[in-house]
Structure formats: structure tokens, C-alpha cells
Amino acid sequence: MIPLLRSPERLTAFGEDADAVDTAMDLLADGRRRAALQYLAETGGDATLTELAVEIAAQEAGVEPNAISDHGDVSSRERRAVRISLHHTHVPKLTTAEVVDYDTETETITLTDHGRTLLERADAVQVSA
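Let us look at the structure shown here. (Residues numbered from 1 in each chain as written. Predicted model: local features only at pLDDT ≥ 70, side-chain atom pairs only at ≥ 80, totals over all residues. Heavy atoms only, no water.)

Here we look at unusual backbone geometry
Which entries qualify depends on this criterion: Secondary structure is summarised from DSSP: a helix means a run of H or I of at least four residues, a strand means a run of E of at least two, and numbering begins at the N terminus for each. When accessible area is computed with a 1.4 Å probe and restricted to protein chains, residues below 20% of their type maximum are described as buried, those above 50% as exposed, and intermediate ones as partly exposed.
Its identity is not glycine, yet Glu98 carries a phi of approximately 60 degrees, on the positive side. Take Glu98: it is sitting in the loop between helix 5 (76–96) and strand 2 (100–103). The class of Glu98 is partly exposed, set by a relative accessible area of 39%. Its identity as a non-glycine residue notwithstanding, Glu107 has a phi of 55 degrees, on the positive side.

Right, here's the structure in full:
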């Protein structure tokens, strides 16, 4: 369970205080959130919820989406499970932290400047590890 924060402002702070570090680490702690942010960064900064779910499901299954269906060997059940978790858990959390913007009408997720900053920090941690 995610601990409650004292104020919503703590979610958007990416300064050097302990709360900002905790928020950044919490956002990056989940593999699906990291995969979503990396995919958005690699594809120009935006994708639909379905595109993101297909990509993450393919990554988790260890297959590449193919040119014919873009679904690779990933079952519709796996794609749906990823899409549901993105829709109900990961995208709202990233949106609340202002790491992505989410258009509910088009189901388009867009990486923000905060999201790019968060990815840079994640890359820095991976390089030094």
C-alpha cells in the first residue's frame, strides 16, 4: 500500500529534499511505470493507452510486436490486464505527479518535462549502478 502524502504539492516537487527523492523513487519503483515512461520518451513523447499496453505486454512476455498485428505473440488477455493496470493504477499516479498528461477523450498519454527529468534521474542511477 502506498503511504498517504501530507499534501498534493509533495507529488510535484522534484527538488533535492527527501520527500522529492521518495516520490521519484516511488514512481520509478514499478517496472510498468518505468517501461511506460521509456516508451513515451522513445516514441516522441505520446502514445495511446492501447499502444502503451501492447508494448508493455510484449516486453513482459519477451516478444517483439510484429508488423502485421503489432501484438506479437501476446494474448488479448495479457494486453487487457496491462491496459487495466495502466488505466487504473499507473497512469493516474504518473498524472498526479505531473510526469504525464492524460487526455481521457482520446486516451492519449503525453510525457511532460517533469517526466523527462525523472527519466534522466533514472538513467543516472542505472549508469552509476
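Focus: the environment of Val74
Selection criterion: Contacts are residue-level and defined by heavy atoms, with any inter-residue pair within 4.5 Å sufficient.
On the secondary structure map, Val74 appears in the loop between helix 4 (49–61) and helix 5. By relative accessible area, which is 6% here, Val74 ends up buried. Spatially, the C-alpha atoms of Val74 and Glu55 are 9.7 Å apart, while their sequence positions differ by 19 residues. For Val74, the residues in contact, after removing those within four places along its chain, are Ala57, Ala58, Ala61, Val63 and Arg79.

Quick word on the sheet that holds strand 2
Keep this limit in mind: Pairs of strands are assigned from DSSP output, requiring at least two bridges between the strands. Throughout, an axis means a line fitted to C-alpha atoms (over the contacting stretch in the case of helices), and angles, computed between N-to-C directions, take values from 0 to 180 degrees.
Strand order in the open sheet formed by three strands is 1-3-2, and the pairing between neighbours is antiparallel. Edge positions in the open sheet fall to strand 1 (46–48) and strand 2, since each of these has one partner strand only. Averaged over neighbouring strand pairs, the angle between their axes works out to 20 degrees when direction is ignored. In the sheet, strand 1 pairs with strand 3 (residues 108–111) via three bridges, with the strands oriented antiparallel. Across the sheet, residue Ala47 finds its bridge partner in strand 3, namely Ile109. Seen against the sheet, helix 3 (residues 31–42) touches strand 1, strand 2 and strand 3 and runs at an angle of roughly 80 degrees to strand 3.

Observations regarding the pairing of strand 3
Of the pairings in the sheet, the one linking strand 2 to strand 3 comprises four bridges and is antiparallel in character. Bridging across to strand 3, Asp101 finds its partner in Thr110. Linking two consecutive strands that pair antiparallel, namely strand 2 and strand 3, is a turn of four residues; a positive phi of about 55 degrees is found at Glu107 within it.

Overview of the environment of Leu52
Here Leu52 lies in helix 4. Taking the relative accessible area as the measure of exposure, Leu52 reaches 1% and is therefore buried. Linking Leu52 and Arg79, residues 27 residues apart in sequence, is a C-alpha distance of 9.5 Å. Here Leu52 is in contact with Ala36, Tyr39, Leu86 and Ile109, once residues within four sequence places are set aside.

Some details on the pattern of salt bridges
Defined as follows: Every case where a carboxyl oxygen of Asp or Glu lies within 4 Å of a side-chain nitrogen of Lys or Arg is listed as a salt bridge.
If you walk through the whole model with that rule in mind, you get three salt bridges. Between Lys93 and Asp26 there is a salt bridge, with the nearest N and O atoms lying 2.7 Å from each other. Linking Lys93 in helix 5 with Asp26 in helix 2 (residues 18–28), this pair joins segments that are 67 residues apart in sequence. The class of Asp26 is partly exposed, set by a relative accessible area of 28%. A salt bridge links Glu60 to Arg32; the nearest nitrogen and oxygen atoms lie 2.7 Å apart. With Glu60 in helix 4 and Arg32 in helix 3, this residue pair connects regions lying 28 residues apart in the sequence.

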